[in-house]
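# Structural overview
Okay, here's what each chain looks like letter by letter:
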Amino acid sequence: MAEETTTGVGVLASGGGSNFEALARACKDGRIPGAKIRVLVTHKRGVGALDRAVRLGIDSLVIEPSDFPDRTTYYERVAMEMEQRGVEVVCLAGFLLKVEPQFIHRFAGRILNIHPALLPKFGGKGMFGHHVHEAVLTAGEKESGCTVHLVDEEYDHGATLAQARVPVFPEDTPDTLAARVLIEEHRTYPEALRTFIRGMNKETP
Ligand code: GRF
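Quick look at the structure, then. A quick note: this is a predicted structure, and the numbers were derived from the prediction, not measured.

This part takes up the packing of helix 5 (residues 130-138) against helix 6 (residues 174-200). Two elements in contact, helix 5 and helix 6, have axes whose closest approach is 9 Å; the angle formed by their N-to-C orientations is 110 degrees. Taken together, the axes of helix 5 and helix 6 are roughly perpendicular relative to one another. Contacts from H130, H133, E134, V136 and L137 in helix 5 reach P174, L177, A178 and V181 in helix 6. Its residues assigned to classes, the contact of helix 5 with helix 6 shows 6 nonpolar, 2 polar and 1 charged.

Put into C-alpha cells, the structure is as follows:
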C-alpha cells in the first residue's frame, strides 16, 4: 500500500478567518487528503481567525510587524516559524499585508491566495474587502466571483488555479455581493488546495 504523504499547510490571515476555517475543516474531514494545517499566523491580536484556531485546535501565532525593524526581518521570522512546523504550502486567507519577495522566494510556487473577484478584473493595489465589491457594482458587472491564484511579486497577479462565478443583481449592495461571493470562496479554496497538493505530490487520481 502506498504511504500517504502529509503536506504541511500554513495560513496567514488578518481578519475574521472564515476562509481559514473552510480550509481547516476540509483538511480535517479528509476532503484534502494528506493535508494538515500546521499553523495560523496573524499580524494582529484579537482577530476572529485566532478564535477559530482555538476552536479548531490549530496552533496559532500573532507576529506583529511593529516588533521588527523592517519587513525583511518580519517575514524571516514568519518563514522560520512556518518551516519549523513543517509548512510546505502557504495559504493567504484574507491577509492584508504585502508579502515580501524573500518570503515568496522561500516558498516559491507554493503560496496561494484567494481574491473575491474574477481576476484579472478588480485586482491590484487597494483592491481588497468592500473596495472590490464596490468597484464591481460601479462597473455594472453582471457577474462576479472569486479567484484562487498563486502569489508572485505583483498584487493579485500569479497564475489562476480556480475560479467560481456568481450573478450580480441590480439590487446588490457591496455586502450582499460579498456574502454571495464568500459562499463560493469557502467551496473553491479547499478544492483548489486539494488539486494543488495532489499535483505537488503527483498522486494518481
Ligand atoms: C475574503 O473575501 C477573501 O477573498 C479576501 O478577504 C476576505 C477574507 O474573509 N481576500 P475571511 O477573513 O476569510 O472571512
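There's more to say after this.
Another point: the pattern of salt bridges. Under the criterion given, the structure shown has 12 salt bridges. Among the salt bridges present, the one from R52 reaches E21, with a minimum N-O distance of 2.8 Å. Of this pair, R52 sits in helix 2 (residues 48-56) while E21 sits in helix 1 (residues 18-28), placing them 31 residues apart in sequence. Accessibility expressed as a relative area gives 13% for E21, which makes it buried. Across the salt bridge formed by R106 and E83, the nearest N and O atoms sit 3.1 Å from each other. Placement of the pair is R106 in helix 4 (residues 101-106) and E83 in helix 3 (residues 71-84), with a sequence separation of 23 residues.

On to the nonpolar core, then. The biggest cluster of nonpolar side chains holds 42 residues, and the ones touching the most others in it are V11, F20, I37, L112 and L193. The element best represented in this core is helix 6, accounting for 7 residues. Filtering out sequence-adjacent residues up to four positions away, L112 remains in contact with V89, V90, C91, L92, V148, H149, L150, V151, L161, Y189, L193 and F196. One finds V78, I104, F107 and V151 within the second-largest nonpolar core, a separate group that totals 22 residues.

Looking at the ligand, the residues that line it are G16, G17, S18, N19, G94, I114, H115, P116 and E185. S18 is positioned with one of its side-chain polar atoms (N or O) 2.5 Å from an oxygen atom of the ligand. Contact with the protein chains covers 79% of the free accessible surface of the ligand, which is 370 Å². Among the secondary structure elements, those contributing two or more residues to the shell around the ligand are helix 1 and strand 5 (111-115).

About the thresholds
Residues numbered from 1 in each chain as written. Predicted model: local features only at pLDDT ≥ 70, side-chain atom pairs only at ≥ 80, totals over all residues. Heavy atoms only, no water. Axes fitted to C-alpha atoms, helices over the stretch in contact; angles between N-to-C directions. Helix = DSSP H or I, 4+ residues; strand = E, 2+ residues; numbered from the N terminus. Parallel < 35°, antiparallel > 145°, perpendicular 65-115°, else oblique. Contact = heavy atoms within 4.5 Å. Nonpolar A, V, L, I, M, F, W, Y, C, P; charged D, E, K, R; others polar. Salt bridge = Lys/Arg side-chain N within 4 Å of Asp/Glu carboxyl O. Buried < 20%, exposed > 50% of the residue type's maximum accessible area, 1.4 Å probe, protein only. Core = buried A, V, L, I, M, F, W, Y, C linked by side-chain atoms within 4.5 Å. Near = heavy atom within 4 Å. Polar contact = N/O pair within 3.5 Å; in protein donor to acceptor, adjacent residues only side chain to side chain. Areas by Shrake-Rupley, 256 points an atom, 1.4 Å probe, with all protein chains shown as cover.

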